[in-house]
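Survey of secondary and tertiary structure
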Amino acid sequence: MSTTKTRDLASPAPAKASPAKPRRGLRGSPTFNFWLFTGPFLIGLAIFVYAPILWSLWLSFFEARFTVTPDKFVGFENYTYMLTNDDFVGSLGTFTAFAAFIVPTTWALSLGLALLVNRLRFMRAFFRSVFFLPTACSYVAASLIWKMSIFSGVRFGLMNTVIGWFGIENIAWLADPNPPWYWAVIVSARLWLQSGFYMILFIAALQNIPGELYEAAAIDGAKPGWQTFRYITLPQLRATSTAVILLLLIAAYQAFDEFFNLLSKTTWGRPPLVELYYKALGESQDYGAGSAGAVILTVLICAVTLLQGKFMGFGRGDESK
């Protein structure tokens, strides 16, 4: 017995396991890893986004014709010139009306497609992919297809062939501003290109609506269809609808590719960006006036976006409010 006790006392106590040290980064510093992965992106953002913005703002206060390193300070003369330029002001007014039409139309079409696809019980993924695929198409490629095939002004164009079946003469869709048939070409192309993307956003929002709300509404006597859509579905989509409208407004004022490729060098139907393109890179190459116009357009987009967000209550935590 004593021998056993002596052996137990003589045996060393088991060593305590040392606490596991947290894994450190590639060079032993999480901060180093952060800058290693985000640094190239931030450098690219600073060089290709923020630097051009600041440079454009600086150029807007100088007389910069055929040069990007001017030395003659003119103050707000470029802004005064652009705000009194009939072509630029007309493009802003025209595209305010264009935005007022295309934004609610795209919103309604996207929401309608989302409601239809979300109610399908079979082949839902197939139809979701079919409507979303046009968003992967290039605006330039789609514009050329619309211009040279679907809305070609000759009798071999698809639309002229269709209307010819009803005895209607050929229409020069993109060659004559009176009447402005070119808006049908531009609006149809933009609806085809954009609706699928916003449809996906609405489908995601629809799938997040609790089913208990519809069950409670059925118990209270609400009829399926318009009543449930108006009092349950639409209020629950408020935040998503606001975000979609904000994106559509910004996209409407930044329209460039389809107009530039569909209307070529026509002097009518130009959006603000195309007007600024010809102002800065045309024959005059007035970078100062073009930069001032870009700043004016940016301020207008921000103002319209903030007003629309304020009106629709963007940022509210509860969509049902």
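Attention in this report is confined to the structure presented alongside it. (Residues numbered from 1 in each chain as written. Predicted model: local features only at pLDDT ≥ 70, side-chain atom pairs only at ≥ 80, totals over all residues. Heavy atoms only, no water.)

Some remarks on unusual backbone geometry
As a rule of thumb, non-glycine residues mostly have phi less than zero, and peptide bonds are mostly trans rather than cis. Cis geometry marks the peptide bond from Asn178 to Pro179, where omega comes out at -5°. Although it is not a glycine, Phe66 adopts a positive phi angle of roughly 60°. Topologically, Phe66 is positioned in the loop between helix H2 (30-59) and helix H3 (77-83). Look at Met123: it is not a glycine, yet its phi comes out positive at around 55°. Along the chain, Met123 turns up in the loop between helix H4 (86-119) and helix H5 (124-132). (Helix = DSSP H or I, 4+ residues; strand = E, 2+ residues; numbered from the N terminus.)

Topic: the pattern of salt bridges
Scanning the model with the defined rule gives four salt bridges in all. Where Asp286 meets Arg65, a salt bridge forms, and the shortest distance between an N and an O atom there is 3.3 Å. Residue Asp286 is located in the loop between helix H13 (272-281) and helix H14 (287-312), and its partner Arg65 is located in the loop between H2 and H3; the two are separated by 221 residues in the primary sequence. The exposure class of Asp286 is buried, given its relative accessible area of 5%. The class of Arg65 is partly exposed, set by a relative accessible area of 43%. (Salt bridge = Lys/Arg side-chain N within 4 Å of Asp/Glu carboxyl O. Buried < 20%, exposed > 50% of the residue type's maximum accessible area, 1.4 Å probe, protein only.)

Considerations on the packing of helix H8 (residues 182-207) against helix H11 (residues 238-253)
Look at H8 against H11: their axes get within 10 Å of each other, and the N-to-C directions meet at 160°. One element, H8, and the other, H11, form an angle in the roughly antiparallel class. Between H8 and H11 lies a crossing of right-handed hand. Taken together, the residues of H11 that come into contact with H8 (itself represented by Arg190, Gln194, Tyr198, Leu201, Phe202 and Ala205) are Thr240, Ser241, Val244, Leu247, Leu248, Ala251 and Ala252. (Axes fitted to C-alpha atoms, helices over the stretch in contact; angles between N-to-C directions. Parallel < 35°, antiparallel > 145°, perpendicular 65-115°, else oblique. Left-handed = near helix turned anticlockwise from the far one by under 90°. Contact = heavy atoms within 4.5 Å.)

What to know about the side chain of Thr305
Relative to the assigned elements, Thr305 resides in helix H14. A relative accessible area of 18% means that Thr305 is categorised as buried. With residues up to four places along the chain from it excluded, the contact list for Thr305 reads Leu246 and Ile250.

Description of the environment of Ala189
Its location among the elements puts Ala189 in helix H8. Judged by its relative accessible area of 1%, Ala189 falls in the buried class. Separated by 47 residues in sequence, Ala189 and Ala142 have C-alpha atoms that sit 7.1 Å apart.

Side note on the nonpolar core
Grouped together as the largest cluster of nonpolar side chains are 57 residues, with contacts concentrated most on Phe98 and Phe259. Of all the secondary structure elements, the ones that give two or more residues to this core are H3, H4, helix H6 (139-150), H8, H11, helix H12 (257-263), H13 and H14. It is H8 that provides the largest number of residues to this core, a total of 13 residues. (Core = buried A, V, L, I, M, F, W, Y, C linked by side-chain atoms within 4.5 Å.)

Quick word on the packing of H4 against H5
H5 packs onto H4 with a crossing angle of 160° between their chain directions and a minimal axis gap of 9 Å. With respect to each other, H4 and H5 are oriented roughly antiparallel. Where H4 crosses over H5, the handedness of that crossing is right-handed. Here Leu113, Val117 and Asn118 of H4 lie close against H5, whose contacting residues are Arg124, Phe127, Arg128 and Phe131. Taken together, the residues that form the contact of H4 with H5 break down as four nonpolar, one polar and two charged. (Nonpolar A, V, L, I, M, F, W, Y, C, P; charged D, E, K, R; others polar.)

With respect to the layout of surface pockets
Here the largest pocket defines a volume of roughly 570 Å³. Forming the walls of the largest pocket are 21 residues, and the residues nearest its centre are Ser56, Ser291, Ala294, Val295 and Thr298. Secondary structure elements with two or more residues in the lining of the largest pocket: H2, H13 and H14. For the second largest pocket, the lining is made up of 17 residues, of which Leu115, Arg119, Tyr214, Thr228 and Thr233 are closest to its centre. Only H4, H8, helix H9 (211-219) and helix H10 (226-236) provide two or more residues apiece to the lining of the second largest pocket. (1 Å grid on protein atoms, 1.4 Å probe; cavity = no way out; pocket = protein on both sides within 12 Å on 5 of 7 lines; lining within 4 Å. Points joined across faces, edges and corners; volume = space filled by probe spheres on them.)

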